[in-house]
Amino acid sequence: MEPIQPKRPIKEPSLLDALIPLIVLALLISAAVYLFGNAAMDGPLQVALIFSALTAALIVLKNGHSWDEVAEAGRKGVSSVVSAIFILFAIGALIGAWNMAGTIPTLVYYGIMVVDPDWFYPAAFLVCALISFAIGSSWTTAGTIGVGLVGLAIMVGVSPEITAGAVISGAYVGEKMSPLSETAILAAQLTDTPIHTHLRAQAWSSGPALVIALIGFVIFGAMNGTAGASEALIDSELGALSQLFAISPWTLLPVVLLVALSVLKVPASLAIAASALSAAILAPILQSEAVLRFIDAPDLPAVAAHVKAGWQVMATGFEAKSGLAQVDSLLSRGGMASMLPTIWLILGALVFGSLLDEFGLLLKLVTPLIARAESTGALVATVVGSAMGLNVVAGDQYVAVVLPARIFSAEFRTRGLASSNLSRAVADGGSVTSPLIPWNSCGAYMAAVLGVPTLVYLPFCLFNIASPLVTLVIGYTGWRILRRDEAPDAVGAA
């Protein structure tokens, strides 16, 4: 019988322990961006995150924890993002299938005929805001209508980078303000705030941020919109689209199906996958020539070729061969395989964040900040800053919402502040800033589906930038900061 090995004593992490992984992360990410530029997303950032996670693991082991505990913490981090991985794969399949079925070409074709480049950016912002509010999902909005709008921007000669910012800004209006939004519901539940109380509190930061963003996109349109593509180029692009695909309202049926399933609250991955499958089934009916041209398998019977095309387009994406670079770059996209670098990035970020959270390294950093936040404004700023920081180090907006809501709840109660103040600060710091971080699950997703690197679209995410700034103004001025006895339907109000 083997002797029982005594367990090593567990040491509490020091402040230096908590700082070292963040310093390593900052150095490696800076080096990756400097050496590789936008191509850092293709692997170098993932390597930086994995080595940062290994650094955190070594510190955890030094403090007396076992490797089994480290592995379990990593497993928890990975398991928390399984649903997001299914959504990513479904979106990859959808983009490829929508291209082959003519859905995206039809959206772009009709859009070119009616769009005014001077008003393109505010229109893209408002369309995405309305859709995201109706369905409560920023990911679904950006991965469907957003893809078409960025493609349309390329075709009409306006900036795809500004358009991506407008799409993401609009998508996060609904993420914050829709009663169907998962993150809005989560922020309300974790802070013991009724959902409608939370949404009313959100309106005081989201309303001004929306107006600021809309004015900004109008200005961008006035400055950039008139520099669109020439009429001759647009005519050639329209001609190429109509030659490659049968442009018809029938090709929009997968869009109708997706919206209907989303409104019915079908889980996002299932709704997106159903829309992708419907497009793959419709493609041989509506776009038989395009399908056979794509699959290029003359030896196969027609039915087998159509099945192979649908299978392949969902696996590796669609490829167009129009001869026009703008058209081919728009349509040659999608497939589940295209999402693998994004999933790699998300997994690395979540393992790193889980280690920091599970073994008290994050709490070691946050606790001194709470002690120093003497005023209400400073407390709100600490919540917003902590949530934004968690988006950076933990790589997931749910972590950035959940942890500050838990950590700061007691402090807000002690100071007599209504819980809606906390729920608003958590959402404005954690939810809307998540797509601004390249290795965050949201930032990686948006870059993958829109085809614009995170750091390139970041300056144009006006709503996402304005929302936390407005919340800071509210905190420091005291405007709309409610006490617990002033919140009429807050849970636990005095």
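Residues numbered from 1 in each chain as written. Predicted model: local features only at pLDDT ≥ 70, side-chain atom pairs only at ≥ 80, totals over all residues. Heavy atoms only, no water.

1. Brief notes about the state of the cysteines
Inspection of every chain in the model, using the stated rule, returns 0 disulfides. The closest cysteine sulfur to the non-disulfide-bonded Cys 442 is located on Cys 461, 12 Å from its own sulfur. Cysteine Cys 461 is unpaired, with the sulfur of Cys 128 as its nearest cysteine sulfur at 12 Å. Cys 461 sits in the buried class, given a relative accessible area of 0%. (Disulfide = S-S within 2.5 Å. Buried < 20%, exposed > 50% of the residue type's maximum accessible area, 1.4 Å probe, protein only.)

2. Brief notes about the pattern of salt bridges
Within this structure, the stated rule accounts for 6 salt bridges. Where Arg 75 meets Glu 72, a salt bridge forms, and the shortest distance between an N and an O atom there is 2.6 Å. Separated by 3 residues within a single helix, Arg 75 and Glu 72 lie in helix 3 (residues 67–79), roughly one turn from each other. According to the relative accessible area criterion, Arg 75 is partly exposed, its value standing at 45%. (Salt bridge = Lys/Arg side-chain N within 4 Å of Asp/Glu carboxyl O. Helix = DSSP H or I, 4+ residues; strand = E, 2+ residues; numbered from the N terminus.)

3. A few points about the packing of helix 1 (residues 15–36) against helix 18 (residues 361–372)
Where helix 1 contacts helix 18, the axes come no closer than 8 Å and their chain directions differ by 110°. Judged by the inter-axis angle, helix 1 sits roughly perpendicular to helix 18. The crossing of helix 1 and helix 18 is left-handed. Mapping the contact onto sequence places Leu 15, Asp 17, Ala 18, Leu 19 and Leu 22 in helix 1 and Leu 361, Lys 364 and Leu 365 in helix 18. In the contact of helix 1 with helix 18, the residues fall into 6 nonpolar, no polar and 2 charged. (Axes fitted to C-alpha atoms, helices over the stretch in contact; angles between N-to-C directions. Parallel < 35°, antiparallel > 145°, perpendicular 65-115°, else oblique. Left-handed = near helix turned anticlockwise from the far one by under 90°. Contact = heavy atoms within 4.5 Å. Nonpolar A, V, L, I, M, F, W, Y, C, P; charged D, E, K, R; others polar.)

4. Quick notes on a nonpolar patch on the surface
A surface patch of nonpolar side chains, about 640 Å² in accessible area, is lined by Leu 28, Val 47, Ile 50, Phe 51, Leu 54, Trp 67 and Trp 344. Per-element accounting of the nonpolar patch gives the leading share, 4 residues, to helix 2 (residues 44–62). Note on placement: Leu 28 falls in helix 1. (Patch = residues over 30% accessible without salt bridge, like charges linked within 9 Å, V, L, I, M, F, W, Y side chains within 5 Å. Areas by Shrake-Rupley, 256 points an atom, 1.4 Å probe, with all protein chains shown as cover.)

5. A closer look at the confidence of the model for the protein
With 92% of its residues at a pLDDT of 70 or more, the protein shows a mean pLDDT of 84. Confidence, read as mean pLDDT per element, is least for helix 11 (residues 231–244) in the protein (69) and greatest for helix 24 (residues 462–477) (95). Long-range and interchain partners of residues 490–494, a stretch whose pLDDT sits below 50, account for 9 contacts in this model, where long-range means more than four residues apart. (pLDDT = per-residue confidence, 0-100.)

6. Topic: the packing of aromatic side chains
Following the criterion strictly, the structure yields 8 aromatic pairs and no others. Between Trp 204 and Trp 479, the aromatic rings sit 5.2 Å apart at their centres with planes inclined by 85°, giving edge-to-face as the arrangement. With Trp 204 in helix 10 (residues 195–224) and Trp 479 in the segment after helix 24, this pair connects stretches of sequence that are 275 residues apart. Assessed through its relative accessible area of 35%, Trp 204 is described here as partly exposed. (Phe/Tyr/Trp six-rings, centres within 6.5 Å; stacked < 30°, edge-to-face > 60°.)

7. As for helix 8 (residues 160–177)
The terminal C-alpha atoms of helix 8 lie 26 Å apart, and with 18 residues this matches the ideal 26 Å at 1.5 Å per residue to within 8%. In terms of burial, helix 8 is largely enclosed, as 17 of its 18 residues are buried. (Expected span 1.5 Å × (residues − 1).)

8. Considerations on the side chain of Thr 454
Assignment of secondary structure puts Thr 454 in helix 23 (residues 454–457). Judged by its relative accessible area of 1%, Thr 454 is buried.

9. Some words on the packing of helix 7 (residues 138–156) against helix 8
Where helix 7 meets helix 8, the closest approach of the two axes is 9 Å, and the angle between their N-to-C directions is 155°. When the axes of helix 7 and helix 8 are compared, the pair comes out roughly antiparallel. The way helix 7 lies across helix 8 gives a crossing that is right-handed. Touching Ser 138, Trp 139, Thr 141, Ala 142, Gly 146, Leu 149, Val 150, Ala 153 and Ile 154 of helix 7 are Pro 160, Thr 163, Ala 164, Val 167, Ala 171, Tyr 172 and Glu 175, all from helix 8. Of the residues in the contact of helix 7 with helix 8, the class split is 11 nonpolar, 4 polar and 1 charged.

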